[in-house]
Amino acid sequence: MHPIHNDERAIERAETLKDAEAAFEAAIRKLGFRYFDYASMWFDRLSDVKASVRFTANNYFSGDYLSYFPTDFPNGDPAVAALMARTVPFDYLEVLRAPPASATSLLQLAILKAYNVRYAWIVPLSTPTAMQFVSSYMQGAQTPEEFRATRAPIQLLSAALMDRAVAWHKAAGTFEEPNETPVALTKEETACLKLVARGCTNPMIAEQLAISANTVRYHLKKVFAKLGVSTRAEAAARAAELKLD
């Protein structure tokens, strides 16, 4: 069996969450990564740091690592938008460096520089209920090619860690299930989704809502991420389930 699969099994078979985190840390160290963090947060309560529908953990900061973010979090964190729109691992530092800069992105870049972090994978693992992710941070002088070669194993290991974390929190009663419809759409997102369910194209939606086609695409990217779908047909089906059609 490939060593990565052995490491994945070690995470899955860990008896405690701490053991799973230790197994994950040991596995990513073999790939050149030193630090990690992970989180699960409901979309409609991202900034509620005391929410019982939220958990976070890391191996580099004592306490809740999200608590040091500026008051504009999550609006000022470009990774949030990236997590809404993407389903495959992406380089966190590359996203942080993209304009426009925010207080959160500048703070994050300064912290990562202090930790000598040059590359970092964020693995999106969101569900229709929650924004979930695992981040792994690479230290030292590895080349871009060495970093890119780790994407697949990091994705596999991250998925195993998140599965173990969700299962542990549910078993421990520290993670509540939603009581109502888990998808929290804004008014604009709901309007776009309703029109998608009626078979409207993006230009048609733009015309009916008196907004630009680019704005329609922006709203639909967020809708697709929140619903956990990848096609308009799937989005229309979910709209029917949510009684939005």
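Just above sits the structure.
Residues numbered from 1 in each chain as written. Predicted model: local features only at pLDDT ≥ 70, side-chain atom pairs only at ≥ 80, totals over all residues. Heavy atoms only, no water.

Peer 1: Would you mind going over helix H9 (residues 202-209) with me for this structure?
Peer 2: Because an α-helix completes one turn every 3.6 residues, residues spaced three or four positions apart along the sequence face the same direction. Listed in full, the buried residues belonging to H9 are Asn202, Ile205 and Ala206. Down the axis of H9, the buried side of the element spans an arc of 100°, and every buried residue falls inside it. Opposite the packed face of H9, turned more than 90 degrees from it, sit the exposed residues Pro203, Glu207 and Gln208. One or two steps after H9, the chain reaches Ala210, where phi turns positive at roughly 60°. (Buried < 20%, exposed > 50% of the residue type's maximum accessible area, 1.4 Å probe, protein only. Helix = DSSP H or I, 4+ residues; strand = E, 2+ residues; numbered from the N terminus. Arc of directions from axis to C-beta.)

Peer 1: So what exactly am I meant to see when it comes to helix H8 (residues 187-197) here?
Peer 2: Here H8 has its buried residues at Glu189, Thr190, Cys192, Leu193, Leu195 and Val196. Phi turns positive, to about 90°, at Gly199, one or two residues after H8.

Peer 1: Sorry if this is basic, but what is going on with the packing of aromatic side chains here?
Peer 2: Two measures describe an aromatic ring pair: the distance that separates the ring centres and the angle between the ring planes. A full pass over the atoms with the stated rule returns 10 aromatic pairs. Ring geometry for Tyr60 against Tyr115: centres 6.2 Å apart, planes inclined by 70°, an arrangement best described as edge-to-face. You can see Tyr60 sitting in the loop between strand E2 (55-58) and helix H3 (78-85) and its partner Tyr115 sitting in the loop between helix H5 (103-114) and strand E4 (117-124), a full 55 residues away along the chain. We classify Tyr60 as buried; its relative accessible area is 18%. Judged by its relative accessible area of 28%, Tyr115 falls in the partly exposed class. Plain terms: the ring middles of Tyr119 and Phe147 are 4.8 Å apart, the flat faces sit at 15° to each other, and that makes the pair stacked. Of the two residues, Tyr119 sits in strand E4 while Phe147 sits in helix H6 (residues 144-148), which places them 28 residues apart along the sequence. Overall, Tyr119 belongs to the buried group, its relative accessible area being 11%. (Phe/Tyr/Trp six-rings, centres within 6.5 Å; stacked < 30°, edge-to-face > 60°.)

Peer 1: Is there a simple way to think about the pattern of salt bridges in this case?
Peer 2: Two side chains with opposite charge may pair up if their charged atoms get near one another. In the structure shown here, the tally under the stated rule is 9 salt bridges. A salt bridge links Glu8 to Arg9; the shortest N-O distance between them is 3.1 Å. Given a relative accessible area of 27%, Arg9 falls into the partly exposed group. Here Lys18 ties to Glu21 by a salt bridge, and the two come within 3.7 Å at their closest N and O atoms. Of this pair, Lys18 and Glu21 both sit in helix H2 (residues 17-29), 3 residues apart, which is roughly one turn of the helix. Through salt bridges with shared partners, a single network forms among Glu8, Arg9 and Glu12. (Salt bridge = Lys/Arg side-chain N within 4 Å of Asp/Glu carboxyl O.)

Peer 1: Just to check I follow, could you spell out the packing of H2 against helix H7 (residues 151-172) for this structure?
Peer 2: Helices that pack against each other are described as a pair by the angle of their axes relative to one another and the distance between those axes. Relative to each other, H2 and H7 sit at 170°, their axes nearing to 10 Å. Comparing the axis directions of H2 and H7 gives the class roughly antiparallel. Within the contact between the two elements, H2 uses Leu17, Ala20, Glu21, Phe24, Ala27 and Ile28 and H7 uses Ile154, Leu157, Ser158, Leu161, Arg164, Ala165, Trp168 and His169. Split into classes, the residues belonging to the contact of H2 with H7 amount to 10 nonpolar, 2 polar and 2 charged. (Axes fitted to C-alpha atoms, helices over the stretch in contact; angles between N-to-C directions. Parallel < 35°, antiparallel > 145°, perpendicular 65-115°, else oblique. Contact = heavy atoms within 4.5 Å. Nonpolar A, V, L, I, M, F, W, Y, C, P; charged D, E, K, R; others polar.)

Peer 1: Explanation requested: the nonpolar core in the structure shown.
Peer 2: One recurring pattern in soluble globular proteins: nonpolar side chains tend to sit buried together. Membership of the largest hydrophobic core comes to 28 residues, with the highest contact counts inside it found for Ile11, Phe24, Tyr38 and Leu161. Looking at this core, the elements with two or more residues in it are helix H1 (3-13), H2, strand E1 (33-42), E2, E4, strand E5 (130-139) and H7. Looking at this core, the element that brings in the most residues is H7, giving 7 residues. (Core = buried A, V, L, I, M, F, W, Y, C linked by side-chain atoms within 4.5 Å.)

Limitation: the analysis is restricted to geometry and does not speak to function.
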